[in-house]
Amino acid sequence: MDNQTDLFRCLSAREGKVLWELEYLAPGELDYGNSPRATPLIYGKLVFLFGAFGDLHCVELATGKVVWKKNLYREYGQFEKPTWGSCSSPLIIENRLIVNPGAKEASLVALDPQTGKTLWQTPGNAAAYGSLIVGKFGGRLQIVGHDAVSLGGWDVKTGARLWTVVPEFTGDFNVPTPLALNGKLLVTTENNGTRLYDFEQNGIIKPKPITVNEDLNPDMSTPIRIGDQIYCVWNEMYCLNLKNGLKTAWYGDDQAFGDYAALITDSKRILVIGKGGTLVLVDGKAKQFKVISRLALFPNPGTENIFSHCALVGSRLYLRGESELICVDLAK
């Protein structure tokens, strides 16, 4: 291929056999290649596939047959082509498919997942690169996330913007996904550090953070929580203490850590997918940084750029490299 098409494949989880493919033209040029960035979303018997140039396909999960499709940029417009393309993964809430074209009159859009019909659209800013979440904050169910210049909350049923927070320092790319913490919101970005917000009883955010940690400033990595600790990788692994005002409890270095890593946890251990596809298992209960084990998945560790998040099904971990998909049984 000449990097002017998108190609989605559905593989057998047991043996890696290709079950179906979806390929379509996606001409253009983006930094870091033209491949789709968003994680596919499975919803019942449907799966939603979102390309970097705004192509959204709803297909049958079993067959790959296209149910409906649309290009968000052509349908809703956009402020300008994002440097790294459309990156936010689609979100489902109350039978509404939420996407962010980043258009002046359609910053966020809700679609009927069965038909693709527009249910609501709300004006606003260009899209950011992180994904949106949904949660109950201040007793109100809402969509929460970033646009290109601010943090915001939107009403699920109407799309109305409920509140806006513009950070103190400009220039954030807003890649990390916000984290809901028992009605509070944890946000981390490269220029404004890591912040914890609370909400009024009507669901409106309190614009001044409860607390701020200026040590952790990740470009891309999304944090995770284990109990009262927050973990994230930004060249090193950071552990922040929620009960101690997000103070840095410890940080630890490892050759597999860079400016991005994906983290998953079972509430006792943390599996870090680091540079080149190296897996690092970290003790999530230790009082200091402690590596339990490590495994290099690809022949030349450190030579491949691994920006895709892994998938975990049972004890099997699936990780996509630059040219292959690897399945590892973590139980063995």
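Scroll up to find the structure this text is about.
This text gives an overview of the structure that appears in the document. Given the structure is predicted, the values throughout are model-derived calculations rather than measurements.

Here we take up the sheet that holds strand β14 (residues 161–165). One open sheet holds the four strands; their spatial order is β11-β12-β13-β14, and the pairing between them is antiparallel. Edge positions in the sheet fall to β11 (133–137) and β14, since each of these pairs with one other strand and no more. Geometrically, the sheet is characterised by an average inter-axis angle of 30° between neighbouring strands, direction not taken into account. Pairing of strand β13 (residues 151–155) with β14 involves four bridges; the strand directions are antiparallel. The partner of Trp-154 across the bridge, within β14, is Arg-161.

All right, on to the environment of Glu-29 then. Of note, Glu-29 is situated in the loop between β2 (18–25) and β3 (41–43). Residues Glu-29 and Gly-85, spaced 56 residues apart in sequence, show a C-alpha to C-alpha distance of 9.3 Å.

This part is about the pairing of strand β1 (residues 5–11). Sheet analysis places β1 next to β2, joined by seven bridges and oriented antiparallel. The residue of β2 that forms the bridge with Arg-9 is Glu-21. Here β1 folds back onto β2, and the loop between the two strands holds six residues, one of which, Gly-16, carries a positive phi near 80°.

Taken as a whole and judged by the stated rule, the model has 10 aromatic pairs. Ring plane angle 90° and centroid distance 4.9 Å describe the contact between Trp-84 and Phe-173, whose orientation is recorded as edge-to-face. Of this pair, Trp-84 sits in the loop between α1 (72–76) and β7 (91–93) while Phe-173 is found in the loop between β14 and β15 (179–181), placing the two residues 89 residues apart along the sequence. Assessed through its relative accessible area of 43%, Phe-173 is described here as partly exposed. Here the aromatic cluster, defined as three or more aromatic residues joined through ring pairs, consists of Tyr-231, Trp-250, Phe-257 and Phe-289.

What follows covers the environment of Asp-228. You can see Asp-228 is positioned in the loop between β19 (224–226) and β20 (229–234). Each C-alpha atom of the pair Asp-228 and Leu-242 lies 5.1 Å from the other, and the pair is 14 residues apart in sequence. In this structure, Asp-228 is in contact with Leu-240, Asn-241, Leu-242 and Lys-243, ignoring residues within four places of it in sequence.

The next point concerns the sheet that holds strand β5 (residues 55–60). One open sheet accounts for four strands, arranged β3-β4-β5-β6; its pairing is antiparallel. Looking at strand neighbours, the two that pair on one side only are β3 and β6 (66–71), the edges of this open sheet. Between one strand axis and the next, the sheet turns through 15° on average, direction left out of account. Sheet analysis places β3 next to strand β4 (residues 46–50), joined by three bridges and oriented antiparallel. Residue pairing for β4: Leu-41 is matched across the bridge by Phe-48.

What counts and how
- Residues numbered from 1 in each chain as written.
- Predicted model: local features only at pLDDT ≥ 70, side-chain atom pairs only at ≥ 80, totals over all residues.
- Heavy atoms only, no water.
- Pairing = 2+ DSSP bridges.
- Helix = DSSP H or I, 4+ residues; strand = E, 2+ residues; numbered from the N terminus.
- Axes fitted to C-alpha atoms, helices over the stretch in contact; angles between N-to-C directions.
- Phe/Tyr/Trp six-rings, centres within 6.5 Å; stacked < 30°, edge-to-face > 60°.
- Buried < 20%, exposed > 50% of the residue type's maximum accessible area, 1.4 Å probe, protein only.
- Contact = heavy atoms within 4.5 Å.

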